[in-house]
Amino acid sequence: MARPSRWSDERKANREQAEWIVHWLRENGPATTPQIIAALEDAGREVRAHILQRALRRSPFVHQEGREAGERGSVSVWAWRVEP
């Protein structure tokens, strides 16, 4: 009997969403977290916190550039870059 794939459709969709966020930052960054959320909404993509966190915290190409004042308080600024 064949072993089921560990890459379910949901996991594939989550990974694709995280990759979309990283690619968007590469093309449009640096950007704040609210700007990234707005880009997801404008693209008709679902905003899911755990996927956003995966893209921003776990990607080796996305780095927190700092913080700035936002509408509801301090927000993070994220940028795409390759570390030497």
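That block above? That's the structure.
All of the points below concern the structure found in this document. What you see is a predicted model, and the numbers here were worked out from it, not measured in a lab. (Residues numbered from 1 in each chain as written. Predicted model: local features only at pLDDT ≥ 70, side-chain atom pairs only at ≥ 80, totals over all residues. Heavy atoms only, no water.)

1. So, the overall build of the chain
Counting its secondary structure elements, the chain contains three helices and three strands. Counting only C-alpha atoms, the chain reaches 55 × 35 × 20 Å along its principal axes. The buried share of the chain, reckoned over its 84 residues, is 31%. Restricting the contact set of the chain to residue pairs at least 6 apart, pairs at least 24 apart contribute 42%. When the accessible surface of the chain is split by element, carbon and sulfur atoms take 47% of a total near 6300 Å². Of the charged side chains in the chain, 14 are positive and 12 negative; the average position of the first set lies 9 Å away from that of the second. (Helix = DSSP H or I, 4+ residues; strand = E, 2+ residues; numbered from the N terminus. Buried < 20%, exposed > 50% of the residue type's maximum accessible area, 1.4 Å probe, protein only. Contact = heavy atoms within 4.5 Å. Areas by Shrake-Rupley, 256 points an atom, 1.4 Å probe, with all protein chains shown as cover. Lys, Arg positive; Asp, Glu negative; His and termini not counted. Charge placed at Lys NZ, Arg CZ, Asp CG, Glu CD.)

2. Points about the sheet that holds strand E1 (residues 31–32)
Judged by pairing direction, the sheet is antiparallel, and its three strands sit side by side in the order E1-E3-E2 without closing on themselves. At either margin of the open sheet sits one strand with a lone partner, and together these are E1 and strand E2 (62–70). Summarising the sheet, E1 and strand E3 (residues 73–80) pair through two bridges and their orientation is antiparallel. Looking across to E3, one finds that Ala-31 is bridged to Trp-78. (Pairing = 2+ DSSP bridges.)

3. Focus on unusual backbone geometry
A cis amide bond links Gly-29 to the next residue, Pro-30, at an omega of -5°. With respect to the element layout, Pro-30 can be found in the loop between helix H1 (9–28) and E1.

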